[in-house]
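Now for the letters of each chain:
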Amino acid sequence: MTSFVHDFADGNKDQRDLLGGKGANLAEMTNLGLPVPPGFTITTEACQAYLAEGNEPHGMADEVSDHLAALEKAMGRSLGDPDNPLLVSVRSGAKFSMPGMMETVLNVGLNDESVRGLASQSDDERFALDSYRRLLQMFGATVLGIDADHFAEALDEAKRSRGTDNDLDLDADDLRGLVSTFQQIVEEQAGRPFPQDPREQLDLAIRAVFDSWNTDRARLYRRQERIPEDLGTAVNVQAMVFGNFGMDSGSGVAFTRDPASGAQGVYGDYLQNAQGEDVVAGIRNTVSLADFEKVDQHSYDELMTIMARLERHYRDMCDIEFTVERGKLWMLQTRVGKRTPEAAFRIAMHMVDEGLVGMDEAVLRVTGDQLAQLMFPRFDADAERTLLATGMNASPGAAVGKVVFDSDTAVEWAERGEDVILVRKETNPDDLRGMVAARGILTSRGGKTSHAAVVARGMGRTCVCGADALDVDARAKEFRVRDGETVREGDVISIDGTTGEVFAGEVPVSDSLVVRHFEGEKIEDDLVTAVSRIMAHADGARRLRVRANSDTPDDSSRARRFGAQGIGLCRTEHMFLGDRRELVERLIVAEDESTQTAALDALLPLQRQDFTEILEAMDGLPVTIRMIDPPLHEFLPDYTELSVKVALAEERGEVDEHDRTLLAHVRRLHEQNPMLGMRGVRLGIAIPGLFRMQARAILEAAADRIEAGGRPLPEIMVPLVASVRELDAVRSGILEVAEEVQRDRGVRLEFQVGTMIELPRAAFLADRIAGSAEFFSFGTNDLTQMAWGFSRDDVEAAFFSRYFEHGIFDVSPFESLDQLGVGGMVEMGTEKGRATRPDLKVGICGEHGGDPRSIHFFDRVGLDYVSCSPFRVPVARLEAGRSVLEQR
């Protein structure tokens, strides 16, 4: 029989699938003998059943009752006892950390009677009333769905009446009035009184946590972090310990290393006379752990011992939540801590040097996405700047944008192409949409462990927190700096998440140290050293080769410096733009073969020079050159615009024969669905001279390089092939040109002819096509469009958002490969092709070549290489190494 509830003592850290991350780690700390308040975990399986059926699974309520009775016995208190009440917290805890995205309710079990018992038991009426008002506030917002602003405004009014902005200045009478006000808010807004039955409170809180798995913010966060939708969350019910007992109590969050920089030494925030939610919410500015040491030396020393033990036990940086109740330290949570990219690379290498992990594990501790963030630009150190304020360097990077003060505006402006900086006093989980849309986040309150900091680090967003020189007025849509300057919505600011500085206006950016390192510059920096060591180990481990998509000599040279092992896609159509468009136009409108030949002859030397320079940049490495792919009408004027122009000219009697002739050809070439029309191999068959000219340019360029002492390795790729007969028709012409060039130039050319697999039919008939193709390159952009029946330019804006909402997509199939559908065709095509030609070289040149998850798939199914933009080459190298190490 399935057990839906487990005591903390019954689990361990390896049961995250069942107990969630929080529950598994609470169990681990319990079994290590650390001071953990007792409790139990309701499993993710219970949540999955609840979400599927709309009700708690059969038997769960009885199991909760049994474990609650055991908890009451262990604590010597009872839930709802008017004289000696047991209070519990109810917290979410999914397999993957989702900070602030799901619900928590503290002080469950208090009611109008037991609050008096708690006051008597603690000999502190203020503490008891403060705990009760917190329950009313959290329960009302979380469980009953009341707008949290109602409670916040009532609290602010109570503080104004007292003449203070600090909730600690409210006395018992103030809090008694606030409790009454909160109860009125509950009844007015929820249409029912606050439940006085503690068990009803507990049951409703558990359901609220289950339901919070499917809130908009939780679903958005999962899409952002690519967390599966079907995991569900566990629920942890734990005996309360109280950080709001007085100034000898408090709550804190700590890291065993700096999560922003990776520097060794403990970091964290502590707040006296506060519960844990106060720390992460940033309601009051916290103090550092160094200040905590001065306040409570004994608890600090015990915390340091526990933190060191946990880091050795987990062999990683740990994130810890703790509470001190009247001088007694309690551990409420630990997990492997979220960190910035800089910290990830530094910590991985520190742990290697400390002997905690090996190099294989160090490579697995970092990701390609983190490396990509390290390559983002930084503010130019030599640029002029006007400093407005300095806060906590919560999440590094350089962000420039227009100031906005709410999430809706951030999303709206970002969707119309504006870069924005979201400015708040402090963020809360409902701000997630705006945080995703913004380039950076700035808050006037909170520290490195506040909601804004934790979420921003997880998403890779630049963030500055706790800039207390700023007075943020979201209603007036402005913030005032302490020296009197006012910044309004729409004004541009720049924030530096590495230093915590906030600047007026736009500060210029420059290349990051990591990019300069990849460019070949010698840089003495511990982060660069860490990246270099990890990249070297990943390169030594990987099987998959990495090429670049490049159409110019400059991009090709940069790609090679970044570690590219060739070019996987050189798009020749890009070479026909600009000043050469007129030559293509002459080719298209040619009325006879001689005029067409003249146009091709004029293009030949230009194309040859293009290829010569690219082959030189990639000398000794393979260069896959795709024959012209898009429809020819893309090189002509827009049909509608040209029609209007000609009609107006005729109306004025100003007939332009060139425009009239051009319009006739545009009309002739106009297609209802050009993506499925005259393009790719079909062009090569319809205008054989076009592909022959390109082949001659490629092969003559190769001959030029051989004569110059180089070793060119061109690979000629025919696009949009669906039948081997199409490929044969074009291939024969290419081979004829090759014979002519070799004979005329007296050289032996090393080249191959292959095809792009971008049509489902080609994947299904790959065994036949491989009889004529020496290599395959999967064009996963078009293959995805064909497999799904999508027109990418139309569907992403039209309905993808609905697909995300309904859980049809976790991520866009154009961003990360659809491994079941499109991936299935890639795997099948590879297997079929190699069944015919065992030495068939197979790669991928779509945008998926730079996506980490897709790279792992391509490695598993045996492709030889991936190709991506030059900037993504280091990312692909790292992920190709990680893929091998994950499979060991």
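All values reported here derive from a predicted model rather than from experimental measurement.

**Student:** Account for the overall build of the chain, naming residues and giving values.
**Tutor:** Looking only at helices and strands, one finds 36 helices and 33 strands in the chain. In terms of its C-alpha atoms, the chain occupies a principal-axis envelope of roughly 105 × 65 × 55 Å. Here the chain holds 888 residues, and the buried ones make up 56% of them. Long-range contacts, defined here as pairs at least 24 residues apart, represent 69% of the contacts in the chain between residues at least 6 apart. Within the structure as shown, the chain displays about 35,500 Å² of accessible surface, and the carbon and sulfur contribution to it stands at 45%.

**Student:** Help me get a handle on the sheet that holds strand 5 (residues 88-94), residues and values and all.
**Tutor:** In space, the five strands of this open sheet follow the order 1-2-7-5-6, with antiparallel pairing throughout. The sheet is open, and its two borders are formed by strand 1 (5-7) and strand 6 (104-108), each paired with just one other strand. With strand direction ignored, the average angle separating the axes of adjacent strands in the sheet is 20°. Pairing analysis gives three bridges linking strand 1 to strand 2 (residues 39-42), with the strands arranged antiparallel. Each bridged residue has a counterpart across the sheet, and for valine 5 the counterpart in strand 2 is isoleucine 42.

**Student:** An account of the nonpolar core is requested, with residue identities and associated values reported.
**Tutor:** Counting residues in hydrophobic clusters, the biggest one holds 125 residues, and the most contacted among them are Phe345, Leu371, Val531, Phe776 and Leu878. Examining the composition of this core, we find that 10 residues originate from one element, helix 27 (residues 688-707), more than from any other. The next biggest cluster of nonpolar side chains, apart from the first, holds 58 residues, and it includes Val5, Leu87, Leu155 and Ile206.

**Student:** Describe the side chain of threonine 340, naming the residues involved and giving the relevant values.
**Tutor:** With respect to the element layout, threonine 340 can be found in the loop between strand 12 (328-336) and helix 13 (341-353). Under the relative-accessibility criterion, threonine 340 is labelled buried at 0%. Residues within four places of threonine 340 in sequence aside, it is in contact with Pro259, Ala260, Ser261, Ala394, Ser395, Pro396 and Arg457.

**Student:** How would you summarise the pattern of salt bridges if you had to cite specific residues and measurements?
**Tutor:** Counted under the stated rule, the structure contains 68 salt bridges. Between arginine 365 and glutamate 361 there is a salt bridge, and its shortest N-O distance comes to 3.0 Å. Since its relative accessible area comes to 29%, glutamate 361 is described here as partly exposed. Residues joined by salt bridges that share partners form a network here, namely Arg608, Arg692, Arg696, Glu700, Glu736 and Glu740.

**Student:** Which residues make up the sheet that holds strand 19 (residues 462-465), and what values do they have?
**Tutor:** Pairing is mixed in the open sheet, where eight strands are placed in the order 14-24-23-16-17-18-19-15. Strands at the two margins of the open sheet, each flanked by one partner only, are strand 14 (386-390) and strand 15 (392-395). Along the sheet, successive strands turn relative to each other by an average axial angle of 30°, direction set aside. Packed on one face of the sheet, helix 16 (residues 407-415) meets strand 16 (398-404) and strand 17 (420-424) and runs near 115° to strand 16.

**Student:** For the environment of threonine 486, give the residues involved together with the corresponding values.
**Tutor:** By the secondary structure assignment, threonine 486 is in strand 22 (residues 486-488). Taking C-alpha positions, threonine 486 is 44 Å from histidine 350, a pair spaced 136 residues apart along the chain. Once you skip the residues sitting within four places of it in the chain, threonine 486 turns out to touch Glu478, Phe479, Arg480 and Asp491.

**Student:** Can you lay out a negative patch on the surface for me, pointing to particular residues and giving the numbers?
**Tutor:** Together, Asp554, Asp555, Glu613 and Glu616 give the surface a local cluster of negative charge. Secondary-structure elements contributing two or more residues to the negative patch are helix 21 (553-561) and helix 23 (593-617). Inspection of the secondary structure puts glutamate 616 in helix 23. Among the residues examined, glutamate 616 registers a relative accessible area of 47% and is labelled partly exposed.

**Student:** Tell me about unusual backbone geometry, and name the residues and values.
**Tutor:** In terms of backbone geometry, most residues other than glycine have negative phi values and most peptide bonds are trans. Not every positive phi belongs to a glycine, and arginine 226 is a case in point at roughly 60°. Within the secondary structure, arginine 226 sits in the loop between helix 9 (216-225) and strand 7 (233-239). In this structure, asparagine 273 takes a positive phi of about 50° despite not being glycine.

**Student:** Any chance you could break down the packing of aromatic side chains for me, citing the residues and the numbers?
**Tutor:** Aromatic rings in a pair are described by how distant their centres are and how their planes are angled relative to each other. In the structure shown here, the tally under the stated rule is 27 aromatic pairs. With 6.1 Å between their ring centres and 70° between their planes, tyrosine 132 and phenylalanine 194 make a pair best called edge-to-face. Note that tyrosine 132 is positioned in helix 5 (residues 125-142) and phenylalanine 194 in the loop between helix 7 (172-190) and helix 8 (198-212), a separation of 62 residues in sequence. Taking the relative accessible area as the measure of exposure, tyrosine 132 reaches 1% and is therefore buried. The exposure class assigned to phenylalanine 194 is buried, which follows from its relative accessible area of 6%. Site record: aromatic cluster; members linked through ring pairs are Trp788, Phe790, Phe799, Phe800, Tyr803, Phe804, Phe809 and Phe814.

**Student:** Could you give an account of the state of the cysteines, naming the residues involved and the relevant values?
**Tutor:** Tallied over the full model, the rule gives zero disulfides. This cysteine, cysteine 463, is not joined by any disulfide, and cysteine 465 carries the nearest cysteine sulfur, 3.5 Å off. On the basis of relative accessible area, cysteine 463 is assigned to the buried category, the value being 0%. Free cysteine cysteine 868: the closest other cysteine sulfur is in cysteine 845, separated by 11 Å. By relative accessible area, which is 3% here, cysteine 868 ends up buried.

**Student:** Now, about helix 4 (residues 114-122): what can you tell me, with residues and values included?
**Tutor:** Where helix 4 is concerned, the buried positions are Ser114, Val115, Gly117, Leu118, Ala119 and Ser122. Each element contacted by the buried residues of helix 4 is listed here: strand 4 (85-86) and helix 5. Trailing helix 4 by a residue or two, aspartate 123 shows a phi angle of about 55°, which is positive.

**Student:** Run through the packing of helix 27 against helix 28 (residues 724-745), naming residues and quoting values.
**Tutor:** Orientation of helix 27 relative to helix 28, taken along the N-to-C sense of each, is 35°, at an axis distance of 9 Å. When you trace helix 27 past helix 28, the crossing you get is right-handed. Listed contacts from helix 28 to Phe691, Arg692, Ala695, Arg696, Leu699, Glu700, Ala703, Asp704 and Glu707 of helix 27 are Val730, Gly733, Ile734, Glu736, Val737, Ala738, Glu740, Val741 and Arg745. Residues that form the contact of helix 27 with helix 28 fall into these classes: nine nonpolar, one polar and eight charged.

**Student:** Explain the pairing of strand 30 (residues 752-757) residue by residue, including any values.
**Tutor:** Most of strand 30 is tucked away, with five of its six residues classed as buried. Of the strand pairs in this sheet, strand 29 (residues 713-718) and strand 30 are connected by four bridges, and their pairing is parallel. From the neighbouring strand, methionine 717 faces strand 30, where its bridge partner is glycine 754. In this fold, strand 29 hands off to helix 28, which returns the chain to strand 30; that crossover is right-handed. Bridge count between strand 30 and strand 31 (residues 775-778): three bridges; the pairing is parallel.

The rules behind these values
- Residues numbered from 1 in each chain as written.
- Predicted model: local features only at pLDDT ≥ 70, side-chain atom pairs only at ≥ 80, totals over all residues.
- Heavy atoms only, no water.
- Helix = DSSP H or I, 4+ residues; strand = E, 2+ residues; numbered from the N terminus.
- Buried < 20%, exposed > 50% of the residue type's maximum accessible area, 1.4 Å probe, protein only.
- Contact = heavy atoms within 4.5 Å.
- Areas by Shrake-Rupley, 256 points an atom, 1.4 Å probe, with all protein chains shown as cover.
- Pairing = 2+ DSSP bridges.
- Axes fitted to C-alpha atoms, helices over the stretch in contact; angles between N-to-C directions.
- Core = buried A, V, L, I, M, F, W, Y, C linked by side-chain atoms within 4.5 Å.
- Salt bridge = Lys/Arg side-chain N within 4 Å of Asp/Glu carboxyl O.
- Patch = residues over 30% accessible without salt bridge, like charges linked within 9 Å, V, L, I, M, F, W, Y side chains within 5 Å.
- Lys, Arg positive; Asp, Glu negative; His and termini not counted.
- Charge placed at Lys NZ, Arg CZ, Asp CG, Glu CD.
- Phe/Tyr/Trp six-rings, centres within 6.5 Å; stacked < 30°, edge-to-face > 60°.
- Disulfide = S-S within 2.5 Å.
- Left-handed = near helix turned anticlockwise from the far one by under 90°.
- Nonpolar A, V, L, I, M, F, W, Y, C, P; charged D, E, K, R; others polar.
- Right-handed = clockwise from strand over helix to strand, strands pointing away.

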